[in-house]
Amino acid sequence: MLTYTIRRLVLAIPTLLFISLVIFMLLELAPGDPMAQVPLTVPPEVKEKMRLALGLGEPTHIRFMKWMWQFFVVEPMMLIDHLFGTLLAEGEQRVLSWQFRSPVMDVIVQRMPQTLWVVAMSYVVGILIALPIGIYSAYRQYSVFDQTGTFVTMVGYSVPPFFSGVLVIVIFSVQLGWLPSIYDTTLVVVDWQTFKLQLMQMVMPVMVLALQTTAQISRFMRASMLDNLNQDYVRTARAKGLSEWSVVMVHVLRNSMIPVITVIALGVPSIFGGAIITEQIFKVNGLGQLLITAIEANDLPMVQTVTFIIAVLIVLFNIVADVLYGVLDPRIRYD
């Protein structure tokens, strides 16, 4: 398994290089000028100097190689310097945001906690709700619980976040007045009172994102459980006198989790895409809103970096899903 994991990590390098090239070239070909938002009173020669200062006067392949060097070499060295107090990245130029006039990774690190508070919590909540629903719906197929769960999950999966987000704001904030409609990103948790305020402002965005996660994973869990409940090994286990709990929650569940792992692992990066809309609705000052503002400001280094980070997450969680296959199913061996 270790050999397979190392081999997959090595093979991921050319994949990421190709993805980075595609992202860079697509944004290079996109219409727009980073100097468009500069006031008209600025003389053309000053604009040209600003363009050269941003590195726009260099050939495309030079700027691509420079961006790759900064992302894969300079930024990791900056992290090492921050953790261990070294000076590896001293004098190196970092990826600079045209909009914020500061290193891109510094801005991303500032916004990351807000996104993780909402996105990570919503994904964990969605999984914890989805798995029991899917398991029990399959075990009690065509029961009232199964019919109700099927209806609710279908509705939840069909309703887009921009509709469900506005709906929960109207119900819980405008009509009932229970929860704040705007996420306060300046709130710092220092005591029990601020912790409660943080939880209250997280409820609605977490609810909207968790609804999508629960609807998707519970349907996959139910279908996988139904497929395994009718297998011969289940009848054999019951004939041996094993308890129903042991049959369902140990043997059937372990085999049923194999396809569900793929959905869960690949859903981690994709949930950031859903957070883009949700963060806009609830004014969460996270990565989603950062990406939208960067696109509007034509901040290509920021858009390239955030998009590439999401691509890296997709590749890494693909590898995580493949490794977990071997952990859950002893029949799968990669070495």
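What counts and what doesn't
- Residues numbered from 1 in each chain as written.
- Predicted model: local features only at pLDDT ≥ 70, side-chain atom pairs only at ≥ 80, totals over all residues.
- Heavy atoms only, no water.
- Helix = DSSP H or I, 4+ residues; strand = E, 2+ residues; numbered from the N terminus.
- Buried < 20%, exposed > 50% of the residue type's maximum accessible area, 1.4 Å probe, protein only.
- Areas by Shrake-Rupley, 256 points an atom, 1.4 Å probe, with all protein chains shown as cover.
- Polar contact = N/O pair within 3.5 Å; in protein donor to acceptor, adjacent residues only side chain to side chain.
- Contact = heavy atoms within 4.5 Å.
- 1 Å grid on protein atoms, 1.4 Å probe; cavity = no way out; pocket = protein on both sides within 12 Å on 5 of 7 lines; lining within 4 Å.
- Points joined across faces, edges and corners; volume = space filled by probe spheres on them.
- Nonpolar A, V, L, I, M, F, W, Y, C, P; charged D, E, K, R; others polar.
- Phe/Tyr/Trp six-rings, centres within 6.5 Å; stacked < 30°, edge-to-face > 60°.
- Core = buried A, V, L, I, M, F, W, Y, C linked by side-chain atoms within 4.5 Å.
- Patch = residues over 30% accessible without salt bridge, like charges linked within 9 Å, V, L, I, M, F, W, Y side chains within 5 Å.
- Salt bridge = Lys/Arg side-chain N within 4 Å of Asp/Glu carboxyl O.
- Axes fitted to C-alpha atoms, helices over the stretch in contact; angles between N-to-C directions.
- Parallel < 35°, antiparallel > 145°, perpendicular 65-115°, else oblique.

Novice: Run through the overall build of the protein chain, naming residues and quoting values.
Specialist: Helices and strands together make up the secondary structure of the protein chain, namely 11 helices and 0 strands. Of the regular secondary structure in the protein chain, the N- to C-terminal order runs α-α-α-α-α-α-α-α-α-α-α. Across the 335 residues in the protein chain, those meeting the buried criterion constitute 42%. Taken as a whole, the protein chain presents about 18500 Å² of accessible surface, with 70% of it coming from carbon and sulfur.

Novice: Quick one: what's the story with the side chain of Ser218, residue by residue and with numbers?
Specialist: Counting through the fold element by element, Ser218 comes out in helix 7 (residues 192-229). For Ser218, a relative accessible area of 1% corresponds to the buried category. In terms of polar contacts, Ser218 uses its side chain to reach the backbone carbonyl oxygen of Thr214, at 2.7 Å. Residue contacts for Ser218: discarding those within four places in its chain leaves Ala130, Ile133, Gly134 and Thr153.

Novice: An account of the layout of surface pockets is requested, with residue identities and associated values reported.
Specialist: Taken as a whole, the largest pocket spans an internal volume of roughly 400 Å³. Phe71, Glu75, Pro76, Leu79 and Met105 are the residues nearest the centre of the largest pocket, which is lined by 13 residues in total. Of all the secondary structure elements, the ones that give two or more residues to the lining of the largest pocket are helix 3 (60-84), helix 4 (104-139) and helix 11 (300-328). If one sorts the elements of the lining of the largest pocket by residue count, helix 3 sits on top with 6 residues. Looking at the lining of the largest pocket residue by residue, the classes come out as 10 nonpolar, no polar and 3 charged.

Novice: Hey, could you go over the packing of aromatic side chains for me, with residue numbers and the actual values?
Specialist: Summed over all chains, the structure comprises 11 aromatic pairs. Between Phe24 and Trp67 the ring centres are 6.0 Å apart and the planes differ by 25°, which places this aromatic pair in the stacked class. With Phe24 in helix 1 (residues 2-29) and Trp67 in helix 3, this pair connects stretches of sequence that are 43 residues apart. A relative accessible area of 4% places Trp67 in the buried class. Note on Tyr136 and Phe145: the rings are 5.0 Å apart at their centroids and 85° apart in plane angle, and the pair reads as edge-to-face. Residue Phe145 is classed as partly exposed on the basis of its relative accessible area, which comes to 37%. Each member of the aromatic cluster is reached from another via a ring pair, and the members are Phe24, Phe64, Trp67, Phe71, Phe72 and Phe308.

Novice: Summarise the environment of Ala321; cite the residues concerned and give the values.
Specialist: Mapped onto the elements, Ala321 comes out in helix 11. For the pair Ala321 and Thr262, spaced 59 residues apart in sequence, the C-alpha separation works out to 5.5 Å. Each residue touching Ala321, except ones within four places of it in the same chain, is listed here: Ile261, Thr262 and Ala265.

Novice: Quick rundown of the nonpolar core? Include the residues and the values.
Specialist: Within the largest apolar cluster, 28 residues are counted, with the highest numbers of intra-cluster contacts made by Trp67, Ile108, Leu290, Met302 and Phe308. Taken together, the elements giving at least two residues each to this core come down to helix 1, helix 3, helix 4, helix 10 (287-296) and helix 11. With 9 residues, helix 11 is the single largest residue contributor to this core. Those residues within four positions of Phe308 in sequence are excluded, and the remaining contacts are Leu16, Ile19, Ser20, Ile23, Trp67, Phe71 and Phe72. Counting 27 residues, the second-largest nonpolar core is a separate cluster that includes Val247, Val252, Met257 and Tyr325.

Novice: Describe the environment of Gly267, with residues and values.
Specialist: Structurally, the position occupied by Gly267 is in helix 9 (residues 244-282). Its relative accessible area of 7% is what places Gly267 among the buried residues.

Novice: Mind laying out a nonpolar patch on the surface, listing which residues take part and the relevant values?
Specialist: Judged by side-chain polarity, Phe162, Phe163, Val166, Leu167, Val170, Ile171, Val174, Leu176, Trp178 and Ile277 come together as a nonpolar surface patch covering roughly 920 Å² of accessible area. At 7 residues, the largest contribution of residues to the nonpolar patch is made by helix 6 (residues 161-175). Turning to its location among the elements, Trp178 is positioned in the loop between helix 6 and helix 7.

Novice: If you had to explain the packing of helix 4 against helix 10 to someone new, which residues and values would you point to?
Specialist: Interhelical geometry of helix 4 versus helix 10 gives an angle of 135° and a closest axis separation of 8 Å. Put simply, helix 4 runs oblique to helix 10. When helix 4 is examined against helix 10, the residues Val107, Ile108, Arg111, Met112 and Thr115 are found in contact with a partner set consisting of Leu287, Gly288, Gln289 and Leu290. Residues that form the contact of helix 4 with helix 10 fall into these classes: 5 nonpolar, 3 polar and 1 charged.

Read these as geometric descriptors, not functional statements.
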